[in-house]
Amino acid sequence: MPNRIKTKKWVIYRHTNDLNLTITLGKLLKSSNKGSITKRKKLELLMQLREMGLFNERNNDFPLDSINHNINHLVYYMFGYKDNDKFLFSPLGNLYLKNLDKVERLNKSLMGLF
């Protein structure tokens with residue numbers, strides 16, 4: 001019989017350790033999908049990431065687990081939040097994506113969080 005934990009605990013998302021994948025997914029959600037995260041759009045995202053060489057499926061059925069984990073990763077790092085079938089970017093996520101080419105400015109804005 002499994003040991004069930006009855007107290008609430010934090011779950012820290014550590015599934016993605018590739019910053020390039022996180023940034024690329026953020027850009028794709030922002031531009032091509034306009035924040036839509038329906039099942040069909042998630043499959044399209046996986047196909048786009050696969051074409052870029054950032055996603056290699058282990059299962060030919062393209063399960064949505066990996067894209068769901070990556071979207072949760074964006075939520076965890078405050079790029080935005082999920083609302084039904086939409087991903088809504090936060091001011092911090094918009095600022096981050098807007099200033100990707102300005103590393104020094106980006107570092108200053110992110111340092112304010114800590």
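Data block above holds the structure.
Since this is a predicted model, take the numbers as computed values, not measurements. (Residues numbered from 1 in each chain as written. Predicted model: local features only at pLDDT ≥ 70, side-chain atom pairs only at ≥ 80, totals over all residues. Heavy atoms only, no water.)

Asks: Can you walk me through the pattern of salt bridges in this structure?
Replies: Oppositely charged side chains are able to pair whenever their charged atoms sit close together. Scanning the model with the defined rule gives 2 salt bridges in all. Where E44 meets R40, a salt bridge forms, and the shortest distance between an N and an O atom there is 3.1 Å. Of this pair, E44 and R40 both sit in helix 2 (residues 39-51), 4 residues apart, which is roughly one turn of the helix. Take R40: its relative accessible area is 55%, and that puts it in the exposed class. Across the pair K41 and E44 runs a salt bridge, and its minimum N-O distance is 3.8 Å. In this pair, K41 and E44 both sit in helix 2, 3 residues apart, roughly one turn of the helix. Take K41: its relative accessible area is 17%, and that puts it in the buried class. One salt-bridge network, held together by shared partners, links R40, K41 and E44. (Salt bridge = Lys/Arg side-chain N within 4 Å of Asp/Glu carboxyl O. Helix = DSSP H or I, 4+ residues; strand = E, 2+ residues; numbered from the N terminus. Buried < 20%, exposed > 50% of the residue type's maximum accessible area, 1.4 Å probe, protein only.)

Asks: What's the story with the pairing of strand 1 (residues 80-83) in this structure? I'm lost.
Replies: One face of the sheet, then the other: side chains in a regular strand alternate in exactly this way. Relative to strand 2 (residues 86-89), strand 1 runs antiparallel, the two sharing 4 bridges. Within strand 2, the position partnered with Y81 by the bridge is L88. Counted along the chain from strand 1 to the antiparallel partner strand 2, the turn is 2 residues long, and its residue N84 has a positive phi close to 55 degrees. (Pairing = 2+ DSSP bridges.)

Asks: Could you clarify how one ought to interpret the side chain of T22 in this entry?
Replies: Note on placement: T22 falls in helix 1 (residues 19-31). A distance of 3.4 Å separates the side chain of T22 from the side chain of H73, its partner in a polar contact. (Polar contact = N/O pair within 3.5 Å; in protein donor to acceptor, adjacent residues only side chain to side chain.)

Asks: Would you mind going over the nonpolar core with me for this structure?
Replies: Across soluble globular proteins, nonpolar side chains have a tendency to be buried as a group. Counting 19 residues, the largest nonpolar core has L25, L29, L49, I67, F79 and F87 as the members making the most contacts within it. At the level of elements, helix 1, helix 2, helix 3 (65-76), strand 2 and helix 4 (91-98) are the ones that each hand at least two residues to this core. When near neighbours in sequence (up to four residues on either side) are disregarded, L49 contacts L21, T24, L25, L28, L54, F55 and I67. (Core = buried A, V, L, I, M, F, W, Y, C linked by side-chain atoms within 4.5 Å. Contact = heavy atoms within 4.5 Å.)

Asks: It is not clear to me how the packing of helix 1 against helix 3 should be interpreted in this structure. Could you clarify?
Replies: A pair of packed helices is captured by two measures, namely the crossing angle of their axes and the spacing between those axes. Two elements in contact, helix 1 and helix 3, have axes separated by 10 Å at closest approach and are oriented at 90 degrees. Judged by the inter-axis angle, helix 1 sits roughly perpendicular to helix 3. Across the interface between the two elements, L21, T22, L25, G26 and L29 of helix 1 pack against I67, N70, I71, H73 and L74 of helix 3. Of the residues in the contact of helix 1 with helix 3, the class split is 6 nonpolar, 4 polar and no charged. (Axes fitted to C-alpha atoms, helices over the stretch in contact; angles between N-to-C directions. Parallel < 35°, antiparallel > 145°, perpendicular 65-115°, else oblique. Nonpolar A, V, L, I, M, F, W, Y, C, P; charged D, E, K, R; others polar.)

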